[in-house]
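A look at the structure
So the chains spell out like this:
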Amino acid sequence: MYKEKILSLLRSSRKGFLSGEELARKTGISRTMIWKHIASLRGEGFTIDAVPSQGYRLASEPDLLRQQDITTGLKTRVIGREIQLFPTLASPNTAAMELASGGAVEGTVVVAETQTGGKGRLGRKWISPKGNLYLSIILRPSIPTYKAPVITLMGAVAVASAIGKTCGLAAGIKWPNDIFIAGKKVGGLLTEMSAEQDRIRHIVLGIGVDVNMMLDELPPDIRALTTTLSEETGTSINRTAFLRQLLKDLDHWYQQFLAQDADVLAEWKRLNVTVGKRVTVSGAGETLEGQAEGIDAEGRLLVRQDDGTLSTVAAGDVTIVKK
Ligand code: BTN
């Protein structure tokens, strides 16, 4: 708590120095204790200059997510009621599924700086170097199980919205939930669920967003199809600010989903880049081609094939056919 107070004082006096005496007076602790907290902040990666007879000055901050920075002043109703932060995890989705089975509160968010076994859609791996965002959210909506896929669409809407607000970039959604900027993938969502016949026990909404990583950390085939928020803006992104906005947008769209899921579908349609295009959809050993006509109330893609057949696709990989 004192450490956070000292950090906040240093942050708000960025240009000038703050003497040990001043810090001691403003926090109500001894100068020795101030020195100890400064050492601890340095241990976390903060560069704090100390100049005799002038005091301390914050020179730079590490690109690390910190509990206090994420939660201070965060006014969400459900999402982020509890936040668990880890330097590394096999997969936040797996960790969140376990926490949910153990009774974790709805809205719990699990965040990891890196993942060693990150899971992507359709059984793929999600390559997860430092500098990006990897988070999973526990939800317990009272909805019929067939509505669960709309939660993933809701998550995609929130991610696209947060990208627009924090980076000023127009993100689109490729069905079902790939986040695209200028034709390249910047994020994805993976939902896992525990349910009985007609009752959802819990849903874990997993989100991965490529924020600040270097693209050369990816294998060449994936690199060619991928971008990052920093690549698109030409500047390093403050991941804490982005995460806070994402939690707010998720909170907003989750409330909206519970009240009127048609609003989520309408916003998804507004942001999507698939409907209206000619597409090929591959999955389960089959490929079909046709015109993407829309999605149904359960988020499935409707594809009109050339012979007039309307196919309803629940899962698969979409490629937009360029003419
Ligand atoms: C995809 O587009 O294939 C979905 C990627 C989902 C990645 C996120 S990162 C946090 C969460 N935990 C995981 O193991 N995966 C999801």
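Now for a look at the structure at hand. (Residues numbered from 1 in each chain as written. Predicted model: local features only at pLDDT ≥ 70, side-chain atom pairs only at ≥ 80, totals over all residues. Heavy atoms only, no water.)

Following the criterion strictly, the structure yields 25 salt bridges and no others. Measuring nitrogen to oxygen at the nearest pair gives 2.8 Å for the salt bridge that ties Glu44 to Arg66. Pair noted here: Glu44 is in the loop between α3 (31-43) and β1 (47-51) and Arg66 is in the loop between β2 (55-60) and α4 (67-71), with a separation of 22 residues, a long-range link. On the accessibility criterion, Glu44 (25% relative accessible area) is partly exposed. Assessed through its relative accessible area of 8%, Arg66 is described here as buried. Arg300 is the salt-bridge partner of Glu298, the closest N and O atoms lying 3.6 Å from each other. Assessed through its relative accessible area of 30%, Arg300 is described here as partly exposed. (Salt bridge = Lys/Arg side-chain N within 4 Å of Asp/Glu carboxyl O. Helix = DSSP H or I, 4+ residues; strand = E, 2+ residues; numbered from the N terminus. Buried < 20%, exposed > 50% of the residue type's maximum accessible area, 1.4 Å probe, protein only.)

For the rest of this paragraph, the subject is the packing of aromatic side chains. Counting across every chain of the model gives one aromatic pair. Here the aromatic rings of Tyr254 and Phe257 are separated by 6.4 Å at their centres, their planes lie at 15°, and the arrangement is stacked. Separated by three residues within a single helix, Tyr254 and Phe257 lie in helix α9 (residues 239-259), roughly one turn from each other. The pair formed by Tyr254 and Phe257 is uniform in burial state, with each residue classed as buried. (Phe/Tyr/Trp six-rings, centres within 6.5 Å; stacked < 30°, edge-to-face > 60°.)

This part is about helix α1 (residues 2-12). Taken together, the buried positions of α1 are occupied by Lys3, Glu4, Ile6, Leu7, Leu9 and Leu10. Check the buried side of α1 and you find it contacts α2 (20-27), α3, β1, β2 and α4. (Contact = heavy atoms within 4.5 Å.)

What follows is about the pairing of β2. Where β1 meets β2, five bridges bridge the pair, whose relative direction is antiparallel. In the sheet register, Ile48 faces β2, and the bridge partner there is Leu58. Counted along the chain from β1 to the antiparallel partner β2, the turn is three residues long, and its residue Ser53 has a positive phi close to 70°. (Pairing = 2+ DSSP bridges.)

Quick look at the nonpolar core now. By size, the foremost hydrophobic cluster in this structure holds 62 residues, and its most contacted members are Leu135, Met154, Ile163, Ile207, Leu229, Leu247 and Leu250. The next biggest cluster of nonpolar side chains, apart from the first, holds 15 residues, and it includes Ile6, Leu7, Leu18 and Leu23. (Core = buried A, V, L, I, M, F, W, Y, C linked by side-chain atoms within 4.5 Å.)

On to the site of the ligand, then. Near the ligand, the surroundings consist of 20 residues, among which Ser91, Gln115, Lys119, Arg121 and Lys185 are the closest. Here an oxygen atom of the ligand and a side-chain polar atom of Ser91 are 2.8 Å apart. Within the backbone of Asn93, one N or O atom sits 3.3 Å away from a nitrogen atom of the ligand. In the complex, 98% of the free accessible area of the ligand, which totals 420 Å², lies under the protein chains. Of all the elements in the fold, those that place two or more residues in the shell around the ligand are α5 (92-101), β5 (133-139), β8 (184-195) and β9 (200-209). (Near = heavy atom within 4 Å. Polar contact = N/O pair within 3.5 Å; in protein donor to acceptor, adjacent residues only side chain to side chain. Areas by Shrake-Rupley, 256 points an atom, 1.4 Å probe, with all protein chains shown as cover.)

So, on to the environment of Ser30. Structurally, the position occupied by Ser30 is in the loop between α2 and α3. Note on Ser30: relative accessible area 38%, which makes it partly exposed. Along the backbone, Ser30 and Gly20 are ten residues apart, and their C-alpha atoms lie at a distance of 8.9 Å.

How two helices pack is summed up by the angle between their axes together with the distance between the axes. α3 packs onto α1 with a crossing angle of 80° between their chain directions and a minimal axis gap of 10 Å. The angle between α1 and α3 places the two elements in the roughly perpendicular class. Residues Tyr2, Lys3, Ile6, Leu7 and Leu10 of α1 pack against Ile34, His37, Ile38, Ser40 and Leu41 of α3. Residues of the contact of α1 with α3, tallied by class, amount to seven nonpolar, two polar and one charged. (Axes fitted to C-alpha atoms, helices over the stretch in contact; angles between N-to-C directions. Parallel < 35°, antiparallel > 145°, perpendicular 65-115°, else oblique. Nonpolar A, V, L, I, M, F, W, Y, C, P; charged D, E, K, R; others polar.)

Those residues of α5 lying buried are Pro92, Asn93, Ala95, Ala96, Met97 and Ala100. Lining the buried residues of α5 we find β3 (83-89), β4 (109-115), β5, β8 and β9. With a side-chain oxygen lying 3.2 Å from the backbone nitrogen of Asn93, the N-terminal cap of α5 falls on Ser91. Of the residues trailing α5, Gly103 is marked for its positive phi of about 100°.

The subject of this paragraph is the sheet that holds strand β12 (residues 301-304). Backbone-to-backbone hydrogen bonds pair the strands of a sheet. The strands run either parallel or antiparallel. Across the sheet, five strands lie side by side as β13-β12-β11-β10-β14; this open sheet has antiparallel pairing. Since the sheet does not close on itself, it has two edges, and those belong to β13 (310-313) and β14 (317-320), each with one partner. Strand after strand, the sheet turns through a mean of 45° between neighbouring axes, direction not considered. Relative to β13, β12 runs antiparallel, the two sharing four bridges. Its bridge partner lying in β13, Leu301 is registered against Val313.

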